[in-house]
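# Overview (structure and organization)
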Amino acid sequence: MDEKVAQELKLAFSLDLYETVKAARKNRDEHVFRHTMAEQGGQMVFVGMFPKKDLLEMPNMTEEFSARLQTFNLLGVVTDGKSGLDMFYLGGMNKPYTTLNNGRDLARTLADEPVFAFLEMYFKIKGMMLDFRVMTYDEFVKAVEGEVFKNTSFARMSEAQELLATLEN
């Protein structure tokens, strides 16, 4: 996989996820948080932030999976809510995620391969045909731009252009 593609994917994912981390700081009484990424066609894709003690109470936990757990963990979940559940261990750390200061710090806690496998499933559910594992960086950027253009209304694109123009000045 192109190293630049890998870095961009992890960073974009982390920056998105960090918004939930910031919101979680306001809920001091809660210790489990969910970041929903997609709900389409009866399927849901989300990332859960769980303490190790809660995860160890889950039924059918394998020793291999539990051995990877740290005090605080990120799990990627893809489910249809009925019959299927795919769970990915995305990363962990020994202090709460709410102690992180930015998305770049969060990116450093992620395990590459599980994150990429999880994102492949996410893109598939969203109907995005991005085979980012074999793309060059330029191919990846063009594919992402194409998906953004395809899935964004002209009104939203106009708003984005205005925002970018403001930022440039």
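Our subject in this report is the structure included herewith. Keep in mind that what you see is a predicted model, and the values were worked out from it rather than measured. Within each chain, residue numbers correspond to sequence positions counted from 1 in written order. Residue-level local features of this predicted model are given only where pLDDT is at least 70; pairs of side-chain atoms are given and counted only at 80 or more, and the full residue set underlies all totals for whole chains, interfaces and linings. Hydrogens and water molecules were not included; the side-chain quantities draw on all heavy atoms of the structure.

### Here's the deal with the pattern of salt bridges
For side chains of opposite charge, pairing can occur when their charged atoms come near one another. What makes a salt bridge here is a side-chain nitrogen of Lys or Arg within 4 Å of a carboxyl oxygen of Asp or Glu, nothing more. Taken as a whole and judged by the stated rule, the model has 6 salt bridges. One salt bridge in this structure joins R133 and E113, with 2.8 Å as the shortest N-O distance. Taken together, the residues R133 in the loop between α5 (112–125) and α6 (137–150) and E113 in helix α5 connect sequence positions 20 residues apart. Type-normalised accessible area, obtained with a 1.4 Å probe on protein chains alone, sets the label of each residue: buried when under 20%, exposed when over 50%, and partly exposed for intermediate values. Since its relative accessible area comes to 24%, R133 is described here as partly exposed. Given a relative accessible area of 46%, E113 falls into the partly exposed group. With its nearest N and O atoms 2.7 Å apart, the salt bridge here joins R133 to E120. Taken as a pair, R133 in the loop between α5 and α6 and E120 in helix α5 lie far apart in primary sequence, 13 residues in all. One salt-bridge network, held together by shared partners, links E113, E120 and R133. The way it works is that DSSP assigns letters per residue, a run of H or I at least four long becomes a helix, a run of E at least two long becomes a strand, and they are numbered from the N terminus.

### Side note on helix α1 (residues 3–24)
Multiplying 1.5 Å by the helix residue count minus one yields the expected span of that helix. With 22 residues, α1 ought to run about 32 Å at 1.5 Å a step, and its terminal C-alpha atoms sit 31 Å apart, in line with that. Those residues of α1 that fall on the buried side of the exposure criterion are V5, A6, L9, K10, L11, F13, S14, L17, Y18, T20, V21 and A24. Two N or O atoms count as a polar contact when they lie within 3.5 Å, although within protein this holds only if one can serve as hydrogen donor and the other as acceptor, and sequence-adjacent residues are included solely when both atoms are side-chain atoms. The N-capping residue of α1, defined by a side-chain oxygen 2.8 Å from the backbone nitrogen of K4, is D2.

### A word on the sheet that holds strand β4 (residues 85–93)
At least two bridges found by DSSP between two strands are what make those strands a pair. One open sheet accounts for 4 strands, arranged β1-β2-β3-β4; its pairing is antiparallel. On the outer flanks of this sheet lie β1 (33–40) and β4, each paired with one strand and no other. Within the sheet, the average angular offset between the axes of one strand and its neighbour, ignoring direction, is 15 degrees. Looking at chain direction, strand β2 (residues 43–51) and strand β3 (residues 72–79) are connected through 8 bridges and run antiparallel. Residue M49 lies in a different strand from β3, and its bridge partner there is L74. For every element, the axis is a line fit to its C-alpha atoms; helices are fit only across the contacting stretch, and the angle between N-to-C directions ranges from 0 to 180 degrees.

### Re the packing of α1 against α5
α5 packs onto α1 with a crossing angle of 75 degrees between their chain directions and a minimal axis gap of 11 Å. Judged on the interaxial angle alone, α5 and α1 are roughly perpendicular. Contacts between α1 and α5 pair A6, L9, K10 and F13 from the former with D112, V115, F116, F118, L119 and F123 from the latter. Split into classes, the residues belonging to the contact of α1 with α5 amount to 8 nonpolar, no polar and 2 charged. Roughly parallel here means an angle under 35 degrees, roughly antiparallel means over 145, roughly perpendicular means 65 to 115, and every remaining angle is called oblique. The contact criterion used throughout is that any non-hydrogen atoms of two residues lie within 4.5 Å. Amino acid classes used here: Ala, Val, Leu, Ile, Met, Phe, Trp, Tyr, Cys and Pro are nonpolar; Asp, Glu, Lys and Arg are charged; the rest, including Gly, are polar.

### As for the packing of aromatic side chains
The criterion for an aromatic pair is that two Phe, Tyr or Trp rings (for Trp, the six-membered ring) have centres within 6.5 Å, with stacked assigned to planes under 30 degrees apart, edge-to-face to planes over 60 apart and tilted to the rest. Using the criterion set out here, one finds 6 aromatic pairs in the structure. Here F123 and F132 contribute two aromatic rings whose centre-to-centre distance is 5.9 Å and whose plane-to-plane angle is 75 degrees, an arrangement assigned as edge-to-face. Aromatic rings pair up to connect F116, Y122, F123 and F132 into one cluster. Placement of a charge over a ring requires the Lys NZ or Arg CZ to be within 6 Å of the ring centre, with the centre-to-atom vector within 35 degrees of the ring normal. Directly above the aromatic system of Y137 lies the positively charged group of K4, at a separation of 4.3 Å from the ring centroid.

### Considerations on the pairing of β4
With 8 bridges connecting them, β3 and β4 associate as antiparallel partners. When the bridges of β4 are listed, V77 appears paired with M87. Where β3 hands over to β4, the hairpin turn is made up of 5 residues, of which G81 adopts a positive phi near 80 degrees.

### Describing the pairing of β1
In this sheet, β2 lies alongside β1 in antiparallel orientation, the contact comprising 7 bridges. When the bridges of β2 are listed, T36 appears paired with F46. Hairpin connection of β1 to β2: 2 residues between the antiparallel strands, including G41 at a positive phi of 55 degrees.

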